Amino acid sequence: MTRKLLASVALAAAAAGLAAPAAAVDKTVAPHIAPLFIIREAAAADAQARTVDYNQLLTVQTVDPAPGVRLLEPHKAPVGLTLVPANAPLVAAARVGGGVVYCYTPPSSIWVAEGQRWCFDDADRDGRFEAVYATFQERGSSRIAYSGGLSVMRGKPLRYQPMSEAPTAPEVLALRYVGPTDGEIVDGHVTRGVVEFELMMGPDRVHLSAIATIRAHTDALGRGRGRGRGRGPLGIEIAIEEARADGRARVQVTATAPVGEARL
């Protein structure tokens, strides 16, 4: 790029109220994030196939949030409105591709209101968040399961410190049977189709948010065969013995999510 063109770019940026382009190594790129949590106890795999119906929970485990941090200074909008107060606990979320960011969920009832959330990143680990992100979360119930894309926002560096206590309460991780969603019906059975399951998270067995979908494919006999065909997030494996046109199925959870840190 010529010197004249570089000057033109800088002038255009200044006219738009932006800083001149920084070197590539200094550029803040908005990441995608995924839920990060710790599975407290194991769930037993099925010894044999069982009959299940729509919305039935197949496994239930307790999960803890990953270690969080406390924001020591408030994050404010340019007009001075406080968006995240000082001393607010921040929940860890996995940065897709590696790393961790920390996000704030406003206190509310058992349902988390739909709206904008704020996430923070300290890439150089100097004890200050130099990157601020915004994300939109739909109405749900989990305070741990952050996911989706982030938008880069402006903000001054903010100090924080690790928390000795958990940033939010433990939650439930459940595997839910959804039912057949595709296929051919032969003699009342679903063949050459798809049987779906959902991983869900929330404060109890009733208030759950879907965080991942598992699709098990069935063959001409209506069975899901082969180690990889029913494998899902966290190493969960599900075998399909039969899926019926009325939505019920004979399934076997052959592998469950292991104890320890987990990310989707």
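Residue indices follow the written sequence of each chain, beginning from 1 at its first position. It should be noted that, the model being predicted, local features are given only for residues of pLDDT at least 70 and side-chain atom pairs only at 80 or more, the latter also being counted only at that level, while totals for whole chains, interfaces and linings use all residues. Excluded from the side-chain calculation are hydrogens and water; included are all heavy atoms of the structure.

## Quick word on the sheet that holds strand E2 (residues 50-52)
Strand pairing within a sheet occurs via backbone hydrogen bonds; the two strands may be parallel or antiparallel.
Moving on, step 1. Spatially, E2-E19-E18 is the arrangement adopted by the three strands of the open sheet, whose pairing is antiparallel. The open sheet has two edge strands with one neighbour each: E2 and strand E18 (237-243). The average angle at which neighbouring strand axes cross in this sheet is 40°, direction not considered.
Moving on, step 2. Pairing analysis gives three bridges linking E2 to strand E19 (residues 249-255), with the strands arranged antiparallel. Paired strands, as defined in this entry, are two strands with at least two bridges between them according to DSSP. Numbering of helices and strands starts at the N terminus; helices are DSSP runs of H or I of at least 4 residues and strands are runs of E of at least 2. Whenever a helix is involved, its axis is fitted only over the stretch in contact; in every case the axis is a line through C-alpha atoms, and angles between N-to-C directions fall within 0 to 180 degrees.

## A few points about the side chain of Ser141
Moving on, step 1. Take Ser141: it is sitting in the loop between strand E11 (131-137) and strand E12 (148-149).
Moving on, step 2. A polar contact of 3.0 Å, which involves the side chain of Ser141, links it to the backbone oxygen of His207.
Moving on, step 3. Think of a polar contact as two N or O atoms within 3.5 Å of one another; within protein, one of them needs to be a possible hydrogen donor and the other a possible acceptor, and neighboring residues in sequence only count if both atoms come from side chains. At 3.4 Å, the side chain of Ser141 forms a polar contact with the backbone nitrogen of Leu208.

## Focus on the pairing of strand E7 (residues 89-95)
Moving on, step 1. Only protein chains enter the accessibility calculation, which uses a 1.4 Å probe. A residue is then buried if its area is under 20% of the maximum for its type, exposed if over 50%, and partly exposed in between. With five of seven residues buried, E7 is to be regarded as a mostly interior element.
Moving on, step 2. Summarising the sheet, strand E4 (residues 69-71) and E7 pair through two bridges and their orientation is antiparallel. Residue Arg70 lies in a different strand from E7, and its bridge partner there is Pro89.
Moving on, step 3. Direction of pairing for E7 relative to strand E8 (residues 100-104): antiparallel, over a ladder of four bridges. When the bridges of E8 are listed, Ala93 appears paired with Val101.
Moving on, step 4. Joining the antiparallel neighbours E7 and E8 is a turn of four residues, in which Gly97 adopts a positive phi near 100°.

## Notes on the packing of aromatic side chains
Moving on, step 1. Think of it this way: a Phe, Tyr or Trp ring, Trp meaning its six-membered ring, pairs with another when their centres are within 6.5 Å, and the plane angle makes it stacked under 30 degrees, edge-to-face over 60, tilted otherwise. Taken as a whole and judged by the stated rule, the model has four aromatic pairs.
Moving on, step 2. Judged by centre distance (5.5 Å) and plane angle (35°), the ring pair of Phe120 and Phe129 falls under tilted.
Moving on, step 3. The exposure class of Phe129 is buried, given its relative accessible area of 0%.
Moving on, step 4. Taken together, Tyr102, Phe120, Phe129 and Tyr160 form an aromatic cluster joined through their ring pairs.

## What to know about the environment of Glu198
Moving on, step 1. One can find Glu198 in strand E16 (residues 189-202).
Moving on, step 2. Given the relative accessible area of 17%, Glu198 is considered buried.
Moving on, step 3. Each C-alpha atom of the pair Glu198 and Ala210 lies 6.3 Å from the other, and the pair is twelve residues apart in sequence.
Moving on, step 4. If sequence neighbours within four positions are ignored, Glu198 has contacts with Ala174, Leu175, Arg176, Val178, Ala210, Ala212 and Thr213.
Moving on, step 5. At 2.5 Å, the side chain of Glu198 and the side chain of Arg176 are in polar contact. We call two residues in contact when some of their heavy atoms are within 4.5 Å.

## Points about the nonpolar core
Moving on, step 1. Definition of nonpolar core: a set of buried residues of the types Ala, Val, Leu, Ile, Met, Phe, Trp, Tyr and Cys, connected through side-chain atoms within 4.5 Å. Formed by 29 residues in total, the largest nonpolar core has its most connected members in Phe37, Leu173 and Phe197.
Moving on, step 2. Looking at this core, the elements that each hand over two or more residues are strand E1 (32-39), strand E3 (57-65), strand E15 (171-186), E16, strand E17 (209-217), E18 and E19.
Moving on, step 3. The contact partners of Phe37, leaving out residues within four places of it in the chain, are Val63, Asp64, Ala66, Ile144, Leu173, Met201, Leu234, Gly260, Glu261, Ala262 and Leu264.

## A word on the confidence of the model for the protein chain
Moving on, step 1. Mean pLDDT over the protein chain: 85, with 85% of residues reaching 70 or higher.
Moving on, step 2. For every residue, the predictor reports its confidence as pLDDT, a number between 0 and 100. Averaged over each element, pLDDT in the protein chain is lowest for helix H1 (residues 3-15) (34) and highest for E4 (98).

## Thoughts on the environment of Gly99
Moving on, step 1. When you line up the elements, Gly99 lands in the loop between E7 and E8.
Moving on, step 2. As a C-alpha pair, Gly99 and Ala123 span 24 residues in sequence and 8.3 Å in three-dimensional space.
Moving on, step 3. Setting aside residues no more than four positions away along its own chain, Gly99 makes contact with Ala93, Ala94 and Arg263.

## Side note on the pattern of salt bridges
Moving on, step 1. The working definition used for a salt bridge is a side-chain nitrogen of Lys or Arg within 4 Å of a carboxyl oxygen of Asp or Glu. This structure, assessed with the given rule, holds 13 salt bridges.
Moving on, step 2. Close ionic contact of Glu73 with Arg159 constitutes a salt bridge, the shortest N to O distance being 3.4 Å. Placement of the pair is Glu73 in the loop between E4 and strand E5 (75-76) and Arg159 in strand E14 (residues 158-162), with a sequence separation of 86 residues.
Moving on, step 3. Glu73 gets classed as buried once you look at its relative accessible area, which sits at 18%.
Moving on, step 4. With a relative accessible area of 43%, Arg159 lands in the partly exposed category.
Moving on, step 5. One salt bridge connects Glu198 with Arg176, and the closest N-O pair in it is separated by 2.5 Å. Linking Glu198 in strand E16 with Arg176 in strand E15, this pair joins segments that are 22 residues apart in sequence.

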